[in-house]
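For reference, the chains in residue letters:
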Amino acid sequence: MSKIIATSAIKGAYKIVERAEKSLKDCIEKHGKDQKVEFPNTGYFLPVIYSMTGIKVEKLYDAEKVLDEAKKLLPPVPSVKVWIPYLGGALDAGIAALWAEEIIEAIKYIDGPLPNNGIWLGAATDVILRERGIEFVDGTAPGFAACVGACKDSKTAVKIARELQEKSIYVFMSASTDGKSMAEQLAEEGIELGWDTRLVPFGKDITSTVYSAGFSARVALTFGGVQPGDYRRMLLYNKDRVFAFVIALGEVDDEKYANAAGAINFGFPTIADTNIPEVLPRGVCTYEHVVSNIPDDEIVTKAIDVRGLKITVEKVDVPVAFGPAFEGERVRKENTYIEFGGNKSEAIEFLSMADSSEVEDGKIEVSGPEVDDVKEGGVLPLGIEVLVYGRKMQEDFEPVMERQIHYFLNYPSGIFHMGQRDISWLRFSKDAVKSGFKIRHIGTVLHAKMHLQFANIMDKVQIKIYTNPEDVIVLKKKAREIFKARDERLGALTDESVDTFYSCTLCQSFAPNHVCAVSPERPGLCGAYNWLDCKASYEINPTGPNQPIKKGETLDENLGVWKGINDFVYKASHQTLESFSAYSMIINPMTSCGCFEVITTILPSTNGVMAVNREYSGMTPSGMKFSTMAGMVGGGIQTPGFIGISKFFIGSKKFIKADGGLERLVWMPKALKEEIRDILEERIKEMGMEDFLDKVATEEEAETEEEVLEWIQKVNHPVLKMESMM
Ligand code: SF4
């Protein structure tokens, strides 16, 4: 390794560790060693430290212990005259710097300045980790770029950010150069920052660079089943599965070198736009470790090459930037040129299959006014009718494909889409219209994306767009009848009515032994894939993650155990799982990868169960927060007494059927109850227990297990009459 880099990295690590010592000492003087220290809403404590050492930093005295260990990792600064191998020492110094940075950042949450202030977001919560982690799992996001420092000017910052966004790569920003940061440069140019746009400003302090490493560490713990303390697996997991790299912008000082050394431990190389020494031999990273002096207009391509990232960029012929990274971009009212739907007009979207003779591929018609016919601030009704033909096309695929319209229409920069069916809502921004985006481009986007995504089942697609009220009403009437029929068809599907379930092994890219067995009445635990989605996905990609599984001989009807499913799960879980019960959370429950929307667990003294969703950050009656439970349940293991599930599954007839079903439910957060009230009410009507929902406690009635017990006795909850669960 370059002696200059090693020397700087080691010196930088000394400085950061000293800074952490000082912050910690001051904080202890003020608050005492028993002061609680944490990042908000996470079950992973200070994640780099936790993942590498297994130490749960909860109090300041825990941080003191870690800092002692960090100091032991610091090697002597290389002497001017003597040459020794530097790499190992520099890498250790990098880790010491990361641990010290986590402590500095966590102390800021006690004494300020708060890391989440102004444009800065600070530490990501576990909710964000799960939402964004799934994008790394399903390939929507190929990786992230940790951009440290600032570009030579704000226009260059926008160019680099846009280039990364168009390749769907997350941009994590931290630190500054000459008092400026890349995030501030983007804000100056009016670029929307945040997790939704994948432009994530962690903080201006160099120490906030550790949030990138913390994100990676948590991905390994959440999705990879890596056990806290298994630092080797954690680092190798990141090298092999999390495609990240550092872009060093502007002057690289000692502290930045220390962070680069920390990143190399994870297999993340550094690509710099300045002329710093290089570290070219391969070893810890897949290819080169530090590559320098790369011009701004080549830096993204070079970084992708050095990290060994495979990226496919689809070209869609629209006059604005295009890609999934623009999905989260909002178009605010004051920036809107024209809008459709959203209670201001009728807006409907409808996709159906048709005969070959009725579909002219690539034909896009707009009946009614175009954007040019409307003044700024105008509103139009909108009907989007998509006709598809394909030899392998089936009616069941229509709703699956139709749901994609929402995602596809959010990909063009400056276009905002919400809702679906007859409650859709679109906005075109002033910038998009100025760039030449027209209503007909809705058709261009849908034509291109439908072909790209559904090539296996679809041969032709035609788009008819209506912007006059009469045609929209006619389309609405026709579509509503079909929507009703579709709902009835889906509602009639039961686990008994099919002989085939579908696997989903998408999450194996992160949780290698996890497999979801998706049945008509039990969607994947992330809530994103139901049986029809998996069926369509299999037809589209027959060798993909969704494979048909013949149920075969029924081994236990009550538990939901079938020979065919067991055999498949055994193989797909790499022989780690011998039996799987679809309807029990006690006997061989399904594994959880980390993406679950809800965790259900037993409250023993009540003889019932509670369900808590990821968004609920408070303490639950189990004595644990969601994030703590998630740490126990995730990673692709079976945890009897706990299951990770989708929200929808709570209202299914098959919800822990073998353990007593919905009647076991004694507690759930109020917001979750409201969110799924419709499906729950339908289910309790079938059960003939109309007042049941009122008997399920929320945080308003009970916060502890004892209070839940008192509540269920007070309201005479049916669980009191049920046989013992265990
Ligand atoms: S269905 Fe299961 S395996 Fe597939 S993405 Fe969702 S959680 Fe992951």
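Note that the coordinates shown come from a computational prediction; the quantities given were computed from them, not determined experimentally.

Reading guide: rules and limits
Residues numbered from 1 in each chain as written. Predicted model: local features only at pLDDT ≥ 70, side-chain atom pairs only at ≥ 80, totals over all residues. Heavy atoms only, no water. Helix = DSSP H or I, 4+ residues; strand = E, 2+ residues; numbered from the N terminus. Rg over C-alpha atoms; globule rule 2.2 N^0.38 Å. Buried < 20%, exposed > 50% of the residue type's maximum accessible area, 1.4 Å probe, protein only. Contact = heavy atoms within 4.5 Å. Areas by Shrake-Rupley, 256 points an atom, 1.4 Å probe, with all protein chains shown as cover. Lys, Arg positive; Asp, Glu negative; His and termini not counted. Charge placed at Lys NZ, Arg CZ, Asp CG, Glu CD. Polar contact = N/O pair within 3.5 Å; in protein donor to acceptor, adjacent residues only side chain to side chain. Pairing = 2+ DSSP bridges. Patch = residues over 30% accessible without salt bridge, like charges linked within 9 Å, V, L, I, M, F, W, Y side chains within 5 Å. Salt bridge = Lys/Arg side-chain N within 4 Å of Asp/Glu carboxyl O. Expected span 1.5 Å × (residues − 1). Arc of directions from axis to C-beta. Core = buried A, V, L, I, M, F, W, Y, C linked by side-chain atoms within 4.5 Å. Phe/Tyr/Trp six-rings, centres within 6.5 Å; stacked < 30°, edge-to-face > 60°. Axes fitted to C-alpha atoms, helices over the stretch in contact; angles between N-to-C directions. Parallel < 35°, antiparallel > 145°, perpendicular 65-115°, else oblique. Nonpolar A, V, L, I, M, F, W, Y, C, P; charged D, E, K, R; others polar.

K.L.:
I'd like a rundown of the overall build of the protein chain, residues and numbers included.
P.N.:
Looking only at helices and strands, the protein chain features 22 helices and 23 strands. Here the C-alpha radius of gyration of the protein chain, 27 Å, is about what a compact globule of 726 residues would show, namely 27 Å. With respect to the three principal axes, the spread of C-alpha positions in the protein chain is 80 × 70 × 45 Å. Looking at the protein chain as a whole, 58% of its 726 residues are labelled buried. Taking as baseline every contact in the protein chain between residues at least 6 positions apart, the subset at least 24 positions apart corresponds to 74%. Carbon together with sulfur atoms contributes 50% to the accessible area of the protein chain, which is approximately 29,100 Å² in total. Distance between charge centres in the protein chain, computed from 83 positive and 106 negative side chains, equals 2 Å.

K.L.:
Kindly report on the side chain of N607, identifying the contributing residues and their values.
P.N.:
Mapped onto the secondary structure, N607 falls in the loop between β20 (598-603) and β21 (608-613). Judged by relative accessible area, N607 falls into the buried class, the value being 17%. Reaching out from N607, the side chain makes a polar contact with the backbone nitrogen of M725 at a distance of 2.9 Å. With sequence-adjacent residues up to four places away left out, N607 is seen in contact with R664, V719, M722, E723, S724 and M725.

K.L.:
Now, about the pairing of β21: what can you tell me, with residues and values included?
P.N.:
Across the six residues that make up β21, a large majority, six, are buried. The side-chain alternation of β21 yields two buried faces, one formed by G608, M610 and V612 and the other by V609, A611 and N613. Judged from the six bridges that link them, β20 and β21 form a sheet pairing that is antiparallel. By the bridge assignment, V598 is partnered in β21 with N613. Turn length for the β20-β21 hairpin, with the two strands adjacent in sequence and antiparallel, is four residues, and the turn residue N607 shows positive phi of about 65°. In this sheet, strand β23 (residues 665-667) lies alongside β21 in parallel orientation, the contact comprising two bridges. By the bridge assignment for β23, M610 is matched with W667.

K.L.:
Quick rundown of unusual backbone geometry? Include the residues and the values.
P.N.:
The peptide bond linking G112 to P113 adopts the cis configuration, its omega dihedral lying at -10°. Mapping P113 onto the fold places it in the loop between α4 (87-111) and α5 (126-138). A positive phi is found at A175, a non-glycine position, where the angle reads about 65°.

K.L.:
Quick one: what's the story with a negative patch on the surface, residue by residue and with numbers?
P.N.:
On the surface, E703, E706, E707 and E710 cluster together to form a negatively charged patch. Structurally, E703 is set in the loop between α21 (692-695) and α22 (705-715).

K.L.:
I'd like a rundown of helix α3 (residues 60-73), residues and numbers included.
P.N.:
The terminal C-alpha atoms of α3, which comprises 14 residues, lie 20 Å apart, in line with the 20 Å expected from a rise of 1.5 Å per residue. Those residues of α3 that fall on the buried side of the exposure criterion are L60, D62, A63, V66, L67 and A70. In an axial view of α3, the angular spread of the buried residues amounts to 140°, which keeps them on one side of the axis. At its buried positions, α3 is contacted by α1 (3-31), α2 (47-53) and α4.

K.L.:
So, the nonpolar core: which residues are in play, and what are the values?
P.N.:
By size, the foremost hydrophobic cluster in this structure holds 165 residues, and its most contacted members are F144, M401, F428, I442 and W667. It is α4 that provides the largest number of residues to this core, a total of 12 residues. Those residues in contact with F144 that sit more than four places away from it in its chain are F136, I169, Y170, F172, S212, F215, S216, V242, F243, A244, F245 and F268. Judged by nonpolar contacts, the second largest core, of 29 residues, contains C147, V171, A183 and L249.

K.L.:
Now, about the packing of aromatic side chains: what can you tell me, with residues and values included?
P.N.:
In total, this model carries 28 aromatic pairs according to the counting rule given. Between F45 and Y50, the ring centres sit 4.9 Å apart and the planes meet at 70°, which makes this aromatic pair edge-to-face. Of the two residues examined, F45 and Y50, each falls in the buried class. Summarising the aromatic geometry, the rings of Y616 and W667 are spaced 5.8 Å apart at their centres and angled 70° between planes, so their arrangement reads as edge-to-face. One end of the pair, Y616, is in the loop between β21 and α18 (626-633); the other, W667, is in strand β23, and 51 residues separate them in sequence. For the pair Y616 and W667, one class covers both residues: buried. Taken together, the ring pairs in this structure connect F39, Y109, F144, Y170, F172, W195, F202, Y211, F215, F266 and F268 into an aromatic cluster.

K.L.:
I'd like a description of the sheet that holds strand β10 (residues 378-380), backed by residues and values.
P.N.:
The pairing of strands in a sheet happens through backbone hydrogen bonds and is either parallel or antiparallel. Within the open sheet, the four strands sit side by side as β10-β7-β13-β12. Their pairing is mixed. Bordering the open sheet on either side are β10 and β12 (415-418), each of which pairs with just one other strand. Taking the axes of each pair of neighbouring strands and ignoring which way they run, one obtains an average angle of 15° across the sheet. Inspection of the sheet shows strand β7 (residues 336-341) paired to strand β13 (residues 425-429) by five bridges, in the antiparallel sense. Along β13, the bridge assignment pairs G341 with W425.

K.L.:
If you had to explain the sheet that holds β20 to someone new, which residues and values would you point to?
P.N.:
Across the sheet, which stays open at both edges, the four strands sit in the order β22-β20-β21-β23 with mixed pairing between neighbours. If you trace the sheet from one side to the other, it starts and ends with β22 (642-645) and β23, each paired once. For this sheet the average axis-to-axis angle between neighbouring strands, irrespective of direction, equals 35°. Contacts from α18 reach β20, β21 and β22, with the element oriented near 90° to β20.

K.L.:
So, the packing of helix α8 (residues 210-223) against helix α9 (residues 231-241): which residues are in play, and what are the values?
P.N.:
At a closest axis distance of 9 Å, the pairing of α8 and α9 adopts a crossing angle of 105°. Relative to α9, the element α8 is oriented roughly perpendicular. Touching S216, A217, V219, A220 and F223 of α8 are M234, Y237 and N238, all from α9. Here the contact of α8 with α9 is built from residues that sort into six nonpolar, two polar and no charged.

K.L.:
So what's going on with the side chain of D495? Which residues, and what values?
P.N.:
One can find D495 in the loop between α15 (469-492) and β15 (500-504). Of the side chains bearing the opposite charge, K654 lies closest to the buried D495, which forms no salt bridge; the N-O distance is 4.8 Å. A polar contact is formed between the side chain of D495 and the side chain of Y583, at a distance of 2.6 Å. Excluding residues that lie within four positions of it along the chain, D495 makes contacts with F501, S519, P520, E521, R522, K551, Y583 and K654.

K.L.:
How would you sum up the environment of R664? Please name residues and give values.
P.N.:
With respect to the helices, strands and loops of the structure, R664 is situated in the loop between β22 and β23. Counting along the chain gives 176 residues from R664 to E488, while the straight-line C-alpha distance between them is 28 Å. Setting aside residues no more than four positions away along its own chain, R664 makes contact with N607, G608, V609, I656, D659, V719, M722, E723, S724 and M725. Within the local environment of R664, its side chain forms a polar contact with the backbone oxygen of E723, the two atoms lying 2.9 Å apart.

K.L.:
Let's hear about the pattern of salt bridges: which residues, and what values?
P.N.:
On inspection of all chains with the given rule, the structure shows 45 salt bridges. Among the ionic pairs, D111 bridges to K30, the shortest N-O distance being 3.5 Å. Highlighted residues: D111 in helix α4 and K30 in helix α1, separated in sequence by 81 residues. Since its relative accessible area comes to 59%, K30 is described here as exposed. Close ionic contact of E674 with R677 constitutes a salt bridge, the shortest N to O distance being 3.0 Å. Residue classification places E674 among the partly exposed positions, given a relative accessible area of 41%.

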